[in-house]
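The primary structure of each chain is shown beneath.
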Amino acid sequence: MVSSDNKPSHHWKPADMIRIEGAQEHNLKDVSLEVPRGCLVVFTGVSGSGKSSLAFGTLYAEAQRRYLETVAPYARRLFHQLPPPKIRNIEGLPPVIALQQQAGTSSRSSVGSVTTLSNLLRMLYSRAGTYPAGATMLESDDFSANTPQGACPRCQGTGWLYDVVEEKMVPDPALTLREKAVAAWPGAWQGQNLRDILMMRGVDLDTPWKDLPKETRDWILYTDETPTEPIYRGLDYAESQAAMKRGEPATYQGTFASARRHVMQSFHGSKSAKMRARAATFMQATRCPVCHGARLKPEALAVRFAGQDIATLSHLPLEQLHAVLKDQLAGEQRADAQGRVIEEIGTALLRRLEILLELGLGYLQTDRTVDSLSPGEYQRLRLGTQVHSALFGVAYVLDEPAAGLHPADIEALLNVLGRLPKAGNSLLVVEHDPVVMRRADWLVDIGPGAGSHGGQVLYSGPPEGLKRVEASRTRPYLFAPPPLERNSVRQVERWLQIDGITWRNMQTLSLKLPLGVLVSVTGVSGSGKSSLISQALVSLVGRALGQKIEEADEPQDDEDTTPLAGEAVDAQPEGRIVAGLEHVRRLSIITQKPIGRTSRSNLATYTGIFDQIRKLFAATEAARTAKLDESCFSFNVAKGRCPHCEGLGTVSVGLLFMPGVEAPCPVCHGARYKDEVLDITLREKNIADVLAMTVEEACIFFAGEGALARGLETLEQSGLGYLRLGQPAPELSGGEAQRLKLATELQKRRPAPMLYILDEPTTGLHPSDTDRLLGQLQTLVEQGHSVVVTEHNMRVAAASDWVIDIGPGSGEKGGKIIASGPPEDVARNKASRTGPYLKEVLAGE
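Procedures and definitions
Residues numbered from 1 in each chain as written. Predicted model: local features only at pLDDT ≥ 70, side-chain atom pairs only at ≥ 80, totals over all residues. Heavy atoms only, no water. UniProt positions renumbered as here; feature names shortened; annotations may be inferred. Helix = DSSP H or I, 4+ residues; strand = E, 2+ residues; numbered from the N terminus. Rg over C-alpha atoms; globule rule 2.2 N^0.38 Å. Buried < 20%, exposed > 50% of the residue type's maximum accessible area, 1.4 Å probe, protein only. Areas by Shrake-Rupley, 256 points an atom, 1.4 Å probe, with all protein chains shown as cover. Lys, Arg positive; Asp, Glu negative; His and termini not counted. Charge placed at Lys NZ, Arg CZ, Asp CG, Glu CD. Axes fitted to C-alpha atoms, helices over the stretch in contact; angles between N-to-C directions. Left-handed = near helix turned anticlockwise from the far one by under 90°. Contact = heavy atoms within 4.5 Å. Nonpolar A, V, L, I, M, F, W, Y, C, P; charged D, E, K, R; others polar. Salt bridge = Lys/Arg side-chain N within 4 Å of Asp/Glu carboxyl O. Core = buried A, V, L, I, M, F, W, Y, C linked by side-chain atoms within 4.5 Å. Phe/Tyr/Trp six-rings, centres within 6.5 Å; stacked < 30°, edge-to-face > 60°. Pairing = 2+ DSSP bridges. Expected span 1.5 Å × (residues − 1). Parallel < 35°, antiparallel > 145°, perpendicular 65-115°, else oblique. Polar contact = N/O pair within 3.5 Å; in protein donor to acceptor, adjacent residues only side chain to side chain.

Where an unreviewed UniProt entry is consulted, the protein chain appears under the name UvrABC system protein A, with the organism given as Bombella pluederhausensis. Database annotation for the protein chain, UniProt heading Subcellular location (unreviewed entry): "Cytoplasm".

A.B. asks: In this structure, what is going on with the overall build of the protein chain? I would like to understand it.
C.D. replies: Secondary structure assignment for the protein chain yields 32 helices and 24 strands. Taking 2.2 N^0.38 as the reference for a compact globule, 845 residues should give roughly 28 Å; the C-alpha atoms of the protein chain span a radius of gyration of 30 Å, in line with that estimate. Dimensions along the principal axes, computed over C-alpha positions, put the protein chain at roughly 95 × 90 × 70 Å. The 845 residues of the protein chain split such that 52% are buried. Carbon and sulfur atoms provide 51% of the accessible area of the protein chain, an area that totals close to 37,400 Å². One finds the centroid of the 92 positive side-chain charges in the protein chain at a distance of 1 Å from the centroid of its 99 negative side-chain charges.

A.B. asks: Is there a simple way to think about the packing of helix 13 (residues 318-330) against helix 14 (residues 337-358) in this case?
C.D. replies: Geometrically, a packed helix pair is captured by the angle between its two axes and the distance between the axes. Interaxial distance between helix 13 and helix 14 falls to 10 Å at its minimum, and their mutual angle equals 145 degrees. Crossing geometry of helix 13 relative to helix 14 is assigned as left-handed. Mapping the contact onto sequence places Leu318, Glu319, Leu321, His322, Leu325, Lys326 and Leu329 in helix 13 and Ile342, Glu343, Gly346, Thr347, Leu349, Leu350, Leu353, Glu354, Leu356 and Leu357 in helix 14. Grouping the constituent residues of the contact of helix 13 with helix 14 by class yields 10 nonpolar, 3 polar and 4 charged.

A.B. asks: So what exactly am I meant to see when it comes to the pattern of salt bridges here?
C.D. replies: Here the idea is simple: oppositely charged side chains can pair when their charged atoms come close. All told, the structure shown has 29 salt bridges when counted by the stated rule. Between lysine 639 and aspartate 629 there is a salt bridge, with the nearest N and O atoms lying 3.1 Å from each other. Here lysine 639, found in the loop between helix 23 (621-625) and strand 19 (650-655), pairs with aspartate 629, found in the loop between helix 23 and strand 19; they are 10 residues apart in sequence, far enough to count as distant. Its relative accessible area of 40% is what places lysine 639 among the partly exposed residues.

A.B. asks: Please clarify how the nonpolar core should be interpreted in this entry.
C.D. replies: General note: in soluble globular proteins, nonpolar side chains tend to be found buried as a group. Counting 73 residues, the largest nonpolar core has Leu124 and Leu383 as its most contacted members. Per-element tally for this core: the top contributor is helix 14, with 8 residues. Ranked by size, the runner-up nonpolar core spans 48 residues in total, among them Cys642, Leu712, Leu715 and Leu740.

A.B. asks: How should I be thinking about the packing of aromatic side chains in this particular structure?
C.D. replies: For any two aromatic rings, the description comes down to two numbers: the centre-to-centre distance and the angle of the planes. Within the structure shown, the criterion is met by 11 aromatic pairs. Ring geometry for tryptophan 495 and tryptophan 802: centres 5.3 Å apart, planes at 80 degrees, overall edge-to-face. Of the two residues, tryptophan 495 sits in strand 14 (residues 494-503) while tryptophan 802 sits in strand 23 (residues 802-807), which places them 307 residues apart along the sequence. Here phenylalanine 701 and phenylalanine 702 contribute two aromatic rings whose centre-to-centre distance is 4.9 Å and whose plane-to-plane angle is 85 degrees, an arrangement assigned as edge-to-face. Note on accessibility: phenylalanine 701 and phenylalanine 702 belong to one class, buried. These aromatic residues form a ring-pair network of at least three members: Tyr125, Phe143 and Phe305.

A.B. asks: Can you walk me through the sheet that holds strand 4 (residues 89-91) in this structure?
C.D. replies: By way of backbone hydrogen bonds, the strands of a sheet pair with one another, either parallel or antiparallel. The strand order across the open sheet formed by 3 strands is 2-1-4, and the pairing between neighbours is antiparallel. Only two strands of the sheet have a single partner each, and these edge strands are strand 2 (31-36) and strand 4. Neighbouring strand axes in the sheet, compared pairwise and without regard to direction, differ in orientation by 5 degrees on average. Of the pairings in the sheet, the one linking strand 1 (residues 17-23) to strand 4 comprises 3 bridges and is antiparallel in character.

A.B. asks: Looking at this structure, I do not really get helix 15 (residues 375-389). What am I missing?
C.D. replies: Because an α-helix completes one turn every 3.6 residues, residues spaced three or four positions apart along the sequence face the same direction. The end-to-end C-alpha distance of helix 15, which contains 15 residues, comes to 21 Å, matching closely the 21 Å that a straight helix rising 1.5 Å per residue would cover. Positive backbone phi, approximately 55 degrees, marks alanine 390, located one or two places after helix 15.

A.B. asks: Sorry, what's going on with the pairing of strand 1 here?
C.D. replies: On a regular strand, one side chain projects to one face of the sheet and the next to the other, so that they alternate. Extensive coverage of strand 1 is indicated by the burial of 5 of its 7 residues. The sheet contact formed by strand 1 and strand 2 spans 5 bridges and is antiparallel. The partner of isoleucine 18 across the bridge, within strand 2, is valine 35.

A.B. asks: Mind showing me how you'd approach the packing of helix 14 against helix 15 here?
C.D. replies: Where helix 14 contacts helix 15, the axes come no closer than 9 Å and their chain directions differ by 135 degrees. What the angle tells us is that helix 14 and helix 15 run oblique. With respect to the hand of their crossing, helix 14 and helix 15 are arranged in right-handed fashion. Taken together, the residues of helix 15 that come into contact with helix 14 (itself represented by Arg351, Arg352, Ile355 and Leu356) are Leu381, Gly384, Val387 and His388. By residue class, the composition of the contact of helix 14 with helix 15 is 4 nonpolar, 2 polar and 2 charged.

A.B. asks: Looking at this structure, how should I read helix 6 (residues 188-200)?
C.D. replies: Between the first and last C-alpha of helix 6 there are 19 Å, a value that for 13 residues agrees with the 18 Å anticipated at 1.5 Å per step. Buried within helix 6 are the following residues: Gly191, Asn193, Leu194, Arg195, Asp196, Ile197, Leu198, Met199 and Met200. On the buried face of helix 6, the contacting elements are helix 7 (214-222), strand 7 (228-231), helix 8 (237-245) and strand 8 (252-255). Just beyond helix 6, the residue with positive phi is glycine 202, at close to 90 degrees.

A.B. asks: How should I be thinking about unusual backbone geometry in this particular structure?
C.D. replies: Note on backbone geometry: most residues besides glycine have negative phi, and most peptide bonds are trans. With an omega of 0 degrees, the peptide bond between glycine 447 and proline 448 qualifies as cis. By the secondary structure assignment, proline 448 is in the loop between strand 12 (442-447) and strand 13 (456-461). Of note, the phi angle at glutamine 156 is positive, near 55 degrees, even though the residue is not glycine. Mapped onto the elements, glutamine 156 comes out in the loop between helix 4 (117-128) and strand 6 (160-164).

A.B. asks: Quick question: what am I supposed to make of the sheet that holds strand 17 (residues 574-579) here?
C.D. replies: Spatially, the 3 strands line up as an open sheet ordered 15-14-17, and their pairing is antiparallel. Strand pairing shows two members of the sheet lacking a second neighbour, strand 15 (506-515) and strand 17, which therefore form its edges. With direction set aside, neighbouring strand axes in the sheet form an average angle of 15 degrees. The pairing of strand 14 with strand 15 spans 7 bridges and is antiparallel.

A.B. asks: Can you walk me through the environment of asparagine 146 in this structure?
C.D. replies: Inspection of the secondary structure assignment puts asparagine 146 in the loop between helix 4 and strand 6. We classify asparagine 146 as partly exposed; its relative accessible area is 44%. Between the C-alpha atoms of asparagine 146 and threonine 158, which are 12 residues apart in sequence, the distance is 8.8 Å. Among the polar contacts made by the side chain of asparagine 146, one reaches the side chain of arginine 295 at a distance of 3.2 Å.

Laid out in structure tokens, this is it:
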């Protein structure tokens, strides 16, 4: 309920309000409130409190539903339709555009295509470019590598040529074919099939690869032939030949495919990202000899503007591109048609670029692919496009626009956002940053807790009124931030020294990284923090340890692995570790990447808690009598799950032009299991009842159960007590997923010394959850590990033992270590753009 005592008067008229009645989406508890249009409204609250359910799951979903009702039924099928929200009514809702924290996934889509800069540049070159003598004028599409008429004919517009190399396909030539010398072939049955075919063709499977005739090796690796051979499963060569002479039918006819054929088919044709990534490891990328990586046909690259071809201009940082265009427009203008084109298109480009520069994105290039951007960068690109569109009467719903921004960049963001209400639009923003909250015209605080403990509006009104709402966990961080819980100063005794780091915007950089402490790496957006830590440090240390880097040693599914593209196949950071490697036993990278993409993955399965729970059920007298083992209590195994829904608990019902719905399974009614499994109870609870418990409830139920109880307690202490054990992985936010990974690491109690790497772990976290996260990081350090985080949150930096500040600017103006030392030292460093903000937090202790 909105606190009527704390709801201050305001100057908005009833006609200016969006009125929400009876919102019940997710954990919202019949929420009713009013928020004004034409201003900046911020929805805040602890992580999992329900603010996104209100802003996106209710307001945006209802706006989309109403819009699609005006669209032809057939056309609705082309939209990704959200489920209709659970709500009684909404009045005063304008058209809504949602800008969410999501990264682009296409390697063909670029900064230029998202912002329409590429379209304008192509038109500029087509109509105002300088052509070679006698050349025919090209159309706009001739300057696009994504069109058949513009792509380089040799590399099809990729800029690279890919082919397999024997050294990668056969990494150990001392092995025999039976010992799987050809690592590029598939495993399991498929690989055995290929080896059996070779055996039937007379190839000795027990001769070391290096001792086979070169003609034989080349045929196995590179032939385009696909011969078939009869395969007698389980028989050797002599036995198979004898069976053929007797006229016995073969088990099956096997078809051969060379290693190169298998790799290329996987790389170009597989729907599995994991398979494509695996194929890429056996390939080598070389620059296309025709376009030299520019991706365009020679005729397009021959056209010049400002003395440069379009590929060169597109590779400039946006800041430099702006300067080039400004110089061209500042020169003497021609009165002919070409001069008019330059003025018209150049002016349009400059207007778009100016907004992007204001948003702190001047370090990006027009040709940079969107799959290399952070979710925050992608959202700000789309925001810049919307600001330029100059729409009127629209409500923009934004998901944490300040996420991933240095404090120095947030002010510029707020200035850009301020243009939207001035143009007659509404801003509905989900945000945790206190600076953005203080600038809001209207603040909606959801809580008081997360999950079932949240879902209520604690306050709705101008920010100042939140001072009087004692139940709010946002209030202290907005008006009187609590003191930092800093450990006693840890003395650095061990160091990792890396010299000559060259990667992205860093050239021969030296890094002296303290170990056994909490280190924060700071710097303005785009300065090179992630490039240094999450890429260069991880790559160099991982290679030195001989460790295949996997995120927190978690299992990878097909959807979690992005295929390597372009120079990612071969390019790696350069540098050498000169000291301290003996103090690092293993790397663990913990990001906000989802822990799974299907409902078969959940909190209990990810943490391993489910294995212990299944053991308890299998150990009951009733289970032993019914001969039900541990696997019967898994909804992913046929002998235990409901056969109708195959353990999903729901069935999909397609509704053609309306959004599809998930209905409870009519057989198990959502329980996911067979009846005989559900009949087994543990203290009057069956396995489905346990999966429906929250972590908080499970802590009480399993108290005293040793490792299981300790694991649940760790999850509760991580602030995840409101999550259900069976909560599907896709329902978890990035912040929840990362805290779950951290809790799992704490639960494992790994032997020191581990080096933990976290990239902006506070993204998506409420300040109170950030303080809780800090406690987890400090626990890892107390266990003897080293923890390195890239961060914009100054509370985290101030609570660290050591701060490394990268800068001074972004892109080419960054990539240098500006300051390194205890937080107090960096705060005093006048060359650091982080220093003043760090000093402010330290002063407030």
